[in-house]
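Notes for the structure review
Below, each chain spelled out in residue letters.
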Amino acid sequence: MQFVPGLKYRRSYNADPISCWECYNCVKYCPEHAVEVRSYADFVPLGGRVIPLRDTKNNVIYWRVEYRDGTIYEFAFPIRTTPWDSIRPPTEWPERTDLDSEYLSGEPDALGIPELPVPGKGPELLEKATRDVKFPVDPIKRR
Amino acid sequence: MSAINPRTKIVDTDILVVGGGMSGSGATWEAKFWCRGKCKVTVVEKSTLERGGAVAMGLSAINMYMGMRCRENTPEDFVRYVRNEFFGILREDLVYDIARHVDSTVHLFERWGLPIWVDEKTGCYQREGRWQVMIHGESYKPIVGEAARKAADEVYERVMLTHLLLDERVPNRVAGAVGFGVRDGTFYVFRAKAVILTTGGATLIYRPRATGEGLGRVWYAPWASGSGYAMAIMAGAETTSLESRLVVVRFKDGYGPVGAWYLLIKTRSTDLYGEQREPLPQDMMERYKSLYGKYAEAKPTPTTLRVLAVIEDLMKGRAPHLMQTQERLTTQEAINEGFEDFLDMTISQVNVWAGQNIHPQQRPSELMPTEPYIMGSHASPAGMWASGPADIAPPEYRWGPNRMLTVEGLFCAGDICGASGHKFSSGSFTEGRIAGKSAARYVLTQARDYRPTISSDTIERYKEVVFRPMEWYEANKGVTTHSAARVDPWFDINPNYINWFQFMTRLQKIMDEYVAGWSTYYQTNEPLLNRALELLQFLREDFRFVGAANLHELLRVWEFYHRMVVAEAVTRSILARKETRFPGYTIRADYPALDDEKWHVFVNLRYDPRTGNWDVYYRPVIHIID
Ligand SMILES: Cc1cc2nc3c(=O)[nH]c(=O)nc-3n(C[C@H](O)[C@H](O)[C@H](O)COP(=O)(O)OP(=O)(O)OC[C@H]3O[C@@H](n4cnc5c(N)ncnc54)[C@H](O)[C@@H]3O)c2cc1C
Ligand code: SF4
């Protein structure tokens, strides 16, 4: 269940508090940082807070955890190793003609083994593994 | 249509992907790779591609990865593992198929920018357990969703699909689907040559353990409404293994997952009095071996038995169990790992810790089994019956293109495909890719000349059906009694309609008390199941009198309609398996033993959309891996 922090009145509403998963997406995405979660009244005593700050430029998420007893924990975790919106669409990958094969896009090179296993052949194909994973094109567009 | 006058939008496409979660994203990506300019791929998602589905808040691990390039595991190893998990009842062709492809998915995720932990020494991924790899996964779904958005020809977000449309010329052939825009109320009609159902599993069919404001704190996502199962069932597709509902042991109330705690941090758990539980002590293992034979000997011990251990202790007054976190959180690194695990995928658990002053480096946390869920991607195989891959499936499992259901043109992936669990996020995306390529091949070859036949009468009829709860509400709202405490629709009382909340509560009470919910320690029997069917029939009849005050409530109404359909199928499946196969998930108190001689079979169902009758089919289990 979320609300606008630091205000004495309510400017927004929660359409359906009992269906809230506390996924924190409304909190992470609000550009004004105006949303906060007051955790489930059923089993969470008042006074604790968990506050995220998701930085999509540096690709880090910061967390501040405040306990009811006043203890504070802070964490920072990476969220992505490439820039946002850099994924290359599949139509920019070279076209293939083997619509009838069992291979999926990028295979077998993207598997790191020479061919697609069928029952019984797995062990011998692993023997031939190279650790090399290749894609027919860079899956990311570099700027 | 008087009070509400929705506009109708008709969309023609070749491949309709229903759901834009993990498997829907995989299906969209791969279908477009093979379609190019030759077929159109449309994805419809009731929330958004960026955050839709069970991975909405992120994950902390990828639970299915072979590591073939590092010579870690073969797909054969994986099939043997899953076989033990499911006490022998699995489609080995489907499981093998996902396993042989899954590594290319995970490598692609890494290239797209998902931070996967790498072992500096080996250059291979850092393992959590034998099959899992660790990730910094807060943005897992936004990354995958970006790929799906780039791939799709058309994306419809905030559109909830409610029914599949069958072709009016060709029998048993899907022709499209209908639904509505949850924000603007547009009535959508999609006509397609192939439909891929990827709508995820089902929660909230059973009464959850928290029933107040915390009702939404189910472990699997509250938006998992069983839509794909229900739509496929209503269209006449065959189900499988629905008697195997998933019950998992989780941190109490917050429902924080346990995987990283056992596997990565290597925490142990005890019963309430400190007696060793996980890893299970020798005497318990011996007892389980005497009851469940070779399946209990498997390493790791099957999930269902580890759940059973907690249920037994609950009955004996020795549970909740305790995760002894303080024994292992002795370094800052371990503390970070413990917190990140939850902040990345179940933030509520940290809220519980913060509100209850639980410092995990100082004291243990309680563990409880959840309410049951219906899922085909996790440690349970519930779902729909799908055709297998052409090169490895035995003929009995092959009646059409890979992943096509028993309705022509209708495909599945992820939670929706049954008898092939343990695919998790990576396997679901992979199965989406498999279904996506299969559907592309289908529409470019054998279904090339197919044109959907759907009459305008049918479209008008469905429009009436879909919006009827709002019409009914408008017609009857004048005589509603509101509660004095709060003007809140949950507690409206009206002689002529019930609202979604009241409908939900009835469904959950039936399922919890009669069909092996948590309040009966997951036990049921034939008389209870038959009684449940009687009560579910009343509920089905009362659906005609469900009212929705607005589009949001209409969304909830249809979600719970879908759950009701799934609930009936689950009840009938449990009734049809006269043994206890998955003891931690479902206990048939009248048949408490496992009987491999008689019951080494799939329990499948089919609802006949013309007659309304249900039939049970027992299908053979064919093992293709030694
Ligand atoms: C808390 C939690 C922890 C987990 N931990 C892990 C883990 O560590 N590692 C791992 O690999 N896996 C994990 N999983 C499992 C993983 O998330 C699932 O296996 C996977 O997401 C299933 O994919 P799916 O495509 O079948 O369903 P989903 O990803 O849930 O996608 C279904 C999509 O369909 C949409 N939809 C549903 N109904 C309709 C409708 N009627 N109309 C239109 N759209 C609809 C939904 O909005 C959703 O976007 C976890 C799951 C949860 C909930
Ligand atoms: S976005 Fe998530 S946290 Fe916010 S209200 Fe919805 S479910 Fe709750």
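To keep things clear, this report deals only with the structure shown in the data block. (Residues numbered from 1 in each chain as written. Chains lettered and ligands numbered in written order. Predicted model: local features only at pLDDT ≥ 70, side-chain atom pairs only at ≥ 80, totals over all residues. Heavy atoms only, no water.)

**Focus on the overall build of chain A**
Across its full length, chain A holds two helices and five strands. Seen in sequence order, chain A has helices and strands lined up from the N terminus as β-α-β-β-β-β-α. What you see for chain A is a C-alpha radius of gyration of 24 Å, clearly larger than the 15 Å of a compact globule of 143 residues, by over 25%. Buried residues in chain A amount to 48% of all 143 residues. Taking all contacts inside chain A whose residues are at least 6 apart in sequence as the whole, residues at least 24 apart take part in 37%. Put simply, chain A shows about 7,600 Å² of open surface, and 51% of that area lies on carbon and sulfur atoms. (Helix = DSSP H or I, 4+ residues; strand = E, 2+ residues; numbered from the N terminus. Rg over C-alpha atoms; globule rule 2.2 N^0.38 Å. Buried < 20%, exposed > 50% of the residue type's maximum accessible area, 1.4 Å probe, protein only. Contact = heavy atoms within 4.5 Å. Areas by Shrake-Rupley, 256 points an atom, 1.4 Å probe, with all protein chains shown as cover.)

**Comments concerning the site of ligand 1**
Around ligand 1 sit 35 residues, and of these Ser23(B), Glu45(B), Ala61(B), Ser377(B) and Ser425(B) come closest. Surrounding ligand 1 are residues belonging to chains A and B, so the site spans chains. At 3.1 Å, a backbone N or O of Met22(B) approaches an oxygen atom of ligand 1. Within the backbone of Ala54(B), a nitrogen or oxygen atom sits 2.9 Å from an oxygen atom of ligand 1. About the coverage of ligand 1: the protein hides 98% of its 1,000 Å² of free accessible area. Elements supplying a minimum of two residues to the shell around ligand 1: helix H1 (22–35), strand E3 (41–45), strand E4 (59–62), strand E7 (159–166) and helix H12 (424–444) of chain B. (Near = heavy atom within 4 Å. Polar contact = N/O pair within 3.5 Å; in protein donor to acceptor, adjacent residues only side chain to side chain.)

**Here we look at the layout of surface pockets**
All names here are of chain B. Approximately 900 Å³ is the volume found for the second largest pocket. Of all elements in the fold, only E7, helix H5 (227–234), helix H13 (456–476), helix H15 (526–542), helix H16 (551–576) and strand E21 (601–607) reach the threshold of two or more residues within the lining of the second largest pocket. For the lining of the second largest pocket, the leading source of residues is H13, giving seven residues. Here the residues of the lining of the second largest pocket sort into 18 nonpolar, three polar and 12 charged. (1 Å grid on protein atoms, 1.4 Å probe; cavity = no way out; pocket = protein on both sides within 12 Å on 5 of 7 lines; lining within 4 Å. Points joined across faces, edges and corners; volume = space filled by probe spheres on them. Nonpolar A, V, L, I, M, F, W, Y, C, P; charged D, E, K, R; others polar.)

**Examining the state of the cysteines**
All names here are of chain B. In total, this model carries three disulfides over all chains according to the counting rule given. Paired through a disulfide, Cys35 and Cys39 show a sulfur-sulfur distance of 1.9 Å. Of note, the bridge from Cys35 to Cys39 carries an S-S torsion of about -95 degrees and is left-handed in sense. Here Cys35 and Cys39 have matching classes, each one buried. At a sulfur-sulfur separation of 2.1 Å, the disulfide partner of Cys70 is Cys124. Across the disulfide from Cys70 to Cys124, rotation about the S-S bond amounts to roughly -100 degrees, and the bridge is consequently left-handed. With Cys70 in the loop between E4 and helix H2 (75–85) and Cys124 in the loop between helix H3 (92–112) and strand E5 (133–137), this residue pair connects regions lying 54 residues apart in the sequence. By sequence-ordered numbering of the bonded cysteines, chain B has its disulfides arranged as 1-2, 3-4, 5-6. (Disulfide = S-S within 2.5 Å.)

**As for the sheet that holds strand E9 (residues 187–191) of chain B**
All names here are of chain B. Taken together, the four strands give an open sheet; going across it, the order is E1-E9-E8-E7, and neighbouring strands pair in mixed fashion. With one partner strand each, in any of the chains shown, strand E1 (8–12) and E7 form the two edges of the open sheet. Across the sheet, the axes of successive neighbouring strands diverge by a mean angle of 20 degrees, strand direction being ignored. Across five bridges, strand E8 (residues 174–181) lies against E9 in antiparallel orientation. Paired with Ala177 across the strands is Phe190, a residue of E9. Its contacts with the sheet place H13 against E1, E7, E8 and E9, and it is angled at close to 140 degrees to E7. (Pairing = 2+ DSSP bridges. Axes fitted to C-alpha atoms, helices over the stretch in contact; angles between N-to-C directions.)

**Overview of the sheet that holds strand E6 (residues 154–157) of chain B**
Residue and element names in this part refer to chain B. What the five strands build is an open sheet, ordered E6-E3-E2-E10-E18; its pairing is parallel. The open sheet has two edge strands, E6 and strand E18 (410–412), and neither has a second partner. Pairwise comparison of adjacent strand axes, ignoring direction, gives a mean angle of 20 degrees for this sheet.

**Focus on the interface of chain B and chain A**
Across the boundary between the two partners, chain B contributes 97 residues, which contact 86 residues of chain A. A combined buried area of about 7,900 Å² lies between chain B and chain A, and 61% of that area is made up of carbon and sulfur atoms. Across the chain B-chain A interface, the total number found is eight salt bridges. Between chain B and chain A we count 64 residue pairs in polar contact (both at pLDDT 80 or more) in total. With 10 residues, H3(B) is the largest single contributor of residues to the side of chain B that touches chain A. Its residues assigned to classes, the side of chain B that touches chain A comprises 46 nonpolar, 25 polar and 26 charged. (Buried area = accessible area lost by both parts, 1.4 Å probe. Salt bridge = Lys/Arg side-chain N within 4 Å of Asp/Glu carboxyl O.)

**Comments concerning the packing of aromatic side chains**
What the rule picks out here adds up to 54 aromatic pairs over all chains. Between Trp29(B) and Trp112(B) the ring centres are 5.0 Å apart and the planes differ by 75 degrees, which places this aromatic pair in the edge-to-face class. With Trp29(B) in helix H1 and Trp112(B) in helix H3, the pair connects residues that are 83 residues apart, well separated along the chain. Of the two residues examined, Trp29(B) and Trp112(B), each falls in the buried class. Clustering of aromatic rings is evident, with ring pairs tying together Tyr67(A), Tyr73(A), Phe75(A), Phe77(A), Phe251(B), Trp261(B), Phe339(B), Phe342(B) and Trp353(B). The ring centre of Trp84(A) lies 4.5 Å from the NZ or CZ of Arg80(A), which sits over that ring. Arg563(B) extends its terminal NZ or CZ atom over the ring of Phe560(B), reaching a point 4.4 Å from the ring centre. (Phe/Tyr/Trp six-rings, centres within 6.5 Å; stacked < 30°, edge-to-face > 60°. Lys NZ or Arg CZ within 6 Å of the ring centre and 35° of its normal.)

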